[in-house]
Amino acid sequence: MWKLKFISKENFYKHIQDTIEKYGEKLESYDLKKFNKNIIDPIKLIFDKTVYSSSWNEIINSEIFRQRDKSNNNDIGYFHQRIFQYIDNCKVPENGEDGGWDVIYENKDGITLPEGTTVHKIYVEMKNKHNTMNSSSASKTFIKMQNQLLNDDDCACFLVEAIAQHSQNIKWETTVDKQKVSHKLIRRVSMDQFWSLVTGEEDAFYKICMLLPEVIKEVIQDTKAFSFPDDNVCEEIEEKSKLYPKLSNDEAIAMAFYMLAFSEYLGFKK
């Protein structure tokens, strides 16, 4: 039996499928050209390999994973935000519409905040992790929320963090123009608390997390077109290292990486 009352299995399945499809480009196999698209730092690679006592294969695969993971963070942001399109009373505006908010939650019966204030609409700015906003971004977001309160006196604004330091629904205190600012209707809220608020189920986010592995696995098994990458960076760099037969294998691979970045530098060029 399906365990979630606030979202159907069909919609949950579809949302996970849509999220996985966004991984598509990142699942393309890596060759040396793709690996070095933004020019690899060979000095960092050599430090990492030596300090962590790793093999070249381990370091290369770790860097490929890092590059994929950097892009995948946006896809997880998609998962956290767009799932609310399937939740009652929630709206996920298209990019740039309705003020550019990530989620808008409206309840005609009223939404009671921890301090006892009741509003009927919440505008949400969503972040993957609590430490992803610098001071300039935080200031800009707070001012946006202040402006929303000026235009609508029956709302609150939430900064919702998927990975927060604590389970919380508190006044957001930050700095704008070197002044500490806060407002009881501008709040910093962890993802679990936001799910609890919009569904009325205290452990809604927990239930989602518990079902995720099972449904992700099901989607992958059902999606026949889904394929895993076959990276060949290690083989290509090994081939390039053969250009330096006077060096040891380890030194030759290091030289092959140096030449990816430094081929026009003095000393390397000749």
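Being a predicted model, the structure only gives us computed values, none of them experimental.

(A) Molecular detail of the environment of tyrosine 123. Within the secondary structure, tyrosine 123 sits in strand β3 (residues 118-129). For tyrosine 123, a relative accessible area of 9% corresponds to the buried category. Here the alpha-carbon distance between tyrosine 123 and methionine 145, two residues 22 residues apart in the chain, equals 8.2 Å.

(B) Expanded view of the pairing of β3. By the bridge criterion, six bridges tie strand β2 (residues 103-112) to β3 in an arrangement that is antiparallel. Bridged to valine 103 within β3 is valine 124. In textbook terms, the turn of a hairpin is the stretch between consecutive antiparallel strands, and for β2 and β3 this stretch comprises five residues, one of which, glycine 116, has a positive phi near 100°. As paired elements, β3 and strand β4 (residues 155-163) share eight bridges and run parallel to each other. Pairing of lysine 129 across the sheet is with isoleucine 163, part of β4. Each parallel crossover has a hand, and the one from β3 via helix α5 (residues 135-151) to β4 is right-handed.

(C) Geometry of unusual backbone geometry. In the Ramachandran plot, isoleucine 39 falls in the positive-phi region, its phi being about 60° despite a non-glycine side chain. Since its relative accessible area comes to 54%, isoleucine 39 is described here as exposed. Positive phi values are uncommon outside glycine, yet lysine 178 reaches one of about 70°. Residue placement: lysine 178 occurs in the loop between β6 (174-176) and β7 (179-181). Using a relative accessible area of 80% as the deciding quantity, one classes lysine 178 as exposed.

(D) Region of interest: the packing of aromatic side chains. Applying the stated criterion across every chain yields a total of 13 aromatic pairs. Through successive ring pairs, a cluster of aromatic residues spans Phe6, Phe84, Phe158, Phe194 and Trp195. The lysine or arginine in question, lysine 22, covers the ring of tyrosine 78, its NZ or CZ lying 4.8 Å from the ring centre. When the ring centre of tyrosine 30 is taken as origin, the NZ or CZ atom of lysine 34, which lies over that ring, is 5.1 Å away.

(E) Representation of the sheet that holds β4. Pairing is mixed in the open sheet, where six strands are placed in the order β1-β2-β3-β4-β8-β5. Taken across any chain shown, the strands that pair with only one partner, and hence form the sheet edges, are β1 (90-91) and β5 (169-171). Strand direction decides the pairing type here: β4 and strand β8 (residues 186-190), joined by five bridges, are parallel. The residue of β8 that forms the bridge with valine 160 is valine 189.

(F) Highlighting the pattern of salt bridges. All told, the structure shown has 15 salt bridges when counted by the stated rule. For the salt bridge of aspartate 48 with lysine 44, the shortest nitrogen-to-oxygen distance reads 2.6 Å. With aspartate 48 and lysine 44 both in helix α3 (residues 42-51), this residue pair falls four residues apart, about one helical turn. Assessed through its relative accessible area of 46%, lysine 44 is described here as partly exposed.

Each value, and the rule that gives it
Residues numbered from 1 in each chain as written. Predicted model: local features only at pLDDT ≥ 70, side-chain atom pairs only at ≥ 80, totals over all residues. Heavy atoms only, no water. Helix = DSSP H or I, 4+ residues; strand = E, 2+ residues; numbered from the N terminus. Buried < 20%, exposed > 50% of the residue type's maximum accessible area, 1.4 Å probe, protein only. Pairing = 2+ DSSP bridges. Right-handed = clockwise from strand over helix to strand, strands pointing away. Phe/Tyr/Trp six-rings, centres within 6.5 Å; stacked < 30°, edge-to-face > 60°. Lys NZ or Arg CZ within 6 Å of the ring centre and 35° of its normal. Salt bridge = Lys/Arg side-chain N within 4 Å of Asp/Glu carboxyl O.

Shape is all these values report; function is a separate question.
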